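# Breakdown of the fold
Here are the chains, one letter per residue:
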Amino acid sequence: MLAGMADEPAPHIAVTSPPPDDAAIVVQDLVKTYPKGPRALDGLSFSVHTGTIFGLLGPNGAGKSTAIKILTTLSRPDSGSAFVAGFDVLKQPQNVRLSIGCVSQKSGVDMESTGRENLALQGRLYGLKGSALTSRIEELLERFHLTASADRVARTFSGGMQRKLDVAMGLIHRPKVLFLDEPTTGLDPEARAELWTEIGRLAEEGLTILLTTHYLEEADRLAERLAIIDRGRLVAEGSPDRLKSELRGDSITIDLFEAASEQSIKAAAARAIQITEVRLDGLQVHARAAHGASALPALLAALEAEGVKAASVKLARPSLDDVYLRHTGRTFEEAEKGSA
């Protein structure tokens, strides 16, 4: 319900240049610290080209939702600046609110109203009425395959249907930019895949979408460009394919029968020659090799010679998890556990 928010006094922000014409979102050196907590954003900067899907990827607590709150005028930074749809989020918040749609992690659906009533209320908040509103509601119900259920109360909808209704509500006023904050969290695989398909269609029609997610597969599949965030900082940016291509070779993960010393792991890796970027993490050894299939037998033999026994082995092409590991020194799973 962004359209009617009251403006707050703006913090002291340095004067910045307006965004380039081809940028739907420009973020410059955003800093945000919450009372009695760590710094949520630590100089975050990135830009999003018009008509693309841009992903903010990071574990829970990385700062993704804080960035979204600032860009949608729900929060203010301690310093830095941002433009959305050509408007300054601090100086022109009302213009920003009228130009965007926002689907937050927590559903905005009124569970005691029907799907049609939810869309009608959202449309009226943005000034739609009469036949224009009725037509837009019918269009969105059909688009998200909700027509047959439109007059049921939302609490009877499945999780996937409720999320589709959330997205439809965010689109009611034809925004220029759509923010999707963890849109598929809690959905089953089938509902998640259906929503991915619809998000892809929206982008094909020219809508700019900023997507935050902690699902590696979701970011890899949907985003044309990614900003990987860790502890409020940008650690890598680029297309998923380019980021993965920077990690030449294959990823090797070895589960050990019992604990081993870091010295013995490094000694084995040195003996295997082709192995690079070796790291011991508990009972797992992570390594990279230009040609994993040919390097793996030598590595296993070298580990055996050091008295280290492997329980299982996984060989894979570079993934976004490998990108995250390289830039942060920990796996995505470790980061998720650390933020729990």
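Just so you know, these numbers come straight off a predicted model, no measurement behind them.

Turning our attention to the overall build of the chain. A tally of helices and strands in the chain yields 12 helices and 14 strands. Its C-alpha atoms give the chain principal-axis dimensions of roughly 80 × 50 × 35 Å. Out of the 340 residues in the chain, the part that is buried amounts to 50%. Expressed as a percentage of contacts within the chain between residues at least 6 apart in sequence, the contacts between residues at least 24 apart total 71%. When the 39 basic and 45 acidic side-chain charges of the chain are each reduced to a single mean position, those positions are 3 Å apart.

Right, let's get into the sheet that holds strand 2 (residues 39-49). Strand order in the open sheet formed by four strands is 2-1-4-5, with antiparallel pairing between adjacent strands. At either margin of the open sheet sits one strand with a lone partner, and together these are strand 2 and strand 5 (87-88). Relative to the sheet, helix 1 (residues 64-71) contacts strand 1 (23-33), strand 2 and strand 4 (79-84), its axis offset from that of strand 2 by approximately 65 degrees.

Take the sheet that holds strand 6 (residues 100-103) next. An order of 6-7-8-3-9-10 is seen for the six strands of this open sheet, with the pairing classed as mixed. Strand pairing shows two members of the sheet lacking a second neighbour, strand 6 and strand 10 (233-238), which therefore form its edges. Taken pair by pair, the neighbouring strands of this sheet meet at an average axis angle of 15 degrees, ignoring direction. For strand 3 (residues 53-57) and strand 8 (residues 208-213), the ladder comprises five bridges, and the chain directions are parallel. Across the sheet, the residue bridging to I53 is I209, located in strand 8.

Here the structure, examined in full by the defined rule, presents two aromatic pairs. With a centroid separation of 5.2 Å and an interplanar angle of 10 degrees, the aromatic rings of F46 and F54 are classed as stacked. Note on accessibility: F46 and F54 belong to one class, buried. Centroid distance Y324 to F332: 5.0 Å. Interplanar angle 70 degrees. Geometry classified as edge-to-face. The buried category is assigned to Y324, whose relative accessible area is 1%.

This part covers the pairing of strand 7 (residues 177-181). Counting buried positions along strand 7 gives five out of five residues, so the element sits mostly inside the fold. Alternating residues of strand 7 divide into V177, F179 and D181 and L178 and L180, and every residue in both groups is buried. Bridge analysis of strand 6 against strand 7 gives four bridges, and the strand direction is parallel. Bridge pairing in strand 7 links V103 to L180. Pairing between strand 7 and strand 8: five bridges, direction parallel. Note on strand 8: the bridge partner recorded for F179 is L210. Note on the crossover from strand 7 through helix 6 (residues 189-204) to strand 8: the handedness is right-handed.

Moving on to the side chain of K164. Among the secondary structure elements, K164 is positioned in helix 5 (residues 159-171). The class of K164 is buried, set by a relative accessible area of 13%. Filtering out sequence-adjacent residues up to four positions away, K164 remains in contact with F144, L146 and E194.

Within helix 3 (residues 115-125), the full set of buried residues consists of G115, N118, L119, A120, Q122 and G123. G127 sits one or two residues past helix 3 and shows a positive phi near 90 degrees.

On average, residues of the chain score 89 in pLDDT, and 93% of them are at 70 or above. Here residues 4-16 is a poorly scored stretch, pLDDT under 50, and it has 25 contacts once near neighbours within four places are set aside; other chains count.

This part covers the nonpolar core. Ranked by internal contacts, the top residues of the largest apolar core, which has 34 residues, are L119, L165, V167, L171, L178, L180 and I209. Mapped by element, the contributors of at least two residues to this core are helix 3, helix 4 (130-143), helix 5, strand 7, helix 6 and strand 8. Among the elements that take part in this core, helix 6 stands out by supplying six residues, more than any other. One finds A62, I70, A85 and V177 within the second-largest nonpolar core, a separate group that totals 27 residues.

Okay, the pairing of strand 8 next. Counting buried positions along strand 8 yields six of six residues, so the element is predominantly enclosed. Neither face of strand 8 is open: one carries T208, L210 and T212, the other I209, L211 and T213, and all of them are buried.

What counts, and where the lines are drawn
Every residue gets a number counted from 1 within its own chain, in the order that chain's sequence is written. It should be noted that, the model being predicted, local features are given only for residues of pLDDT at least 70 and side-chain atom pairs only at 80 or more, the latter also being counted only at that level, while totals for whole chains, interfaces and linings use all residues. Side-chain numbers come from the whole structure's heavy atoms, not from hydrogens or water. Numbered from the N terminus, helices here are DSSP runs of H or I no shorter than four residues, and strands are runs of E no shorter than two. Three exposure classes are used, based on accessible area relative to the maximum for each residue type with a 1.4 Å probe and protein chains only: buried under 20%, partly exposed in between, and exposed over 50%. By definition, residues are in contact when any of their heavy atoms lie within 4.5 Å. Under the counting rule used here, the positive set is Lys and Arg, the negative set is Asp and Glu, and His together with the chain ends is not counted. Just so you know, the charge point we use is NZ for Lys, CZ for Arg, CG for Asp and CD for Glu. Two strands form a pair only when DSSP identifies at least two bridges running between them. Every angle, taken between N-to-C directions, lies between 0 and 180 degrees, and every axis is a line fitted to C-alpha atoms, over only the stretch in contact when it is a helix. Pairs were defined over the aromatic rings of Phe, Tyr and Trp, the Trp ring being its six-membered one, requiring ring centres within 6.5 Å. Orientation was assigned from the angle between planes: stacked under 30 degrees, edge-to-face over 60, tilted for the rest. Viewed with both strands pointing away, a crossover whose connecting path from the first strand over the helix to the second turns clockwise is right-handed. You can read pLDDT as the predictor saying how much it trusts each residue, on a scale of 0 to 100. Buried Ala, Val, Leu, Ile, Met, Phe, Trp, Tyr and Cys residues form a nonpolar core when they are joined through side-chain atoms within 4.5 Å.

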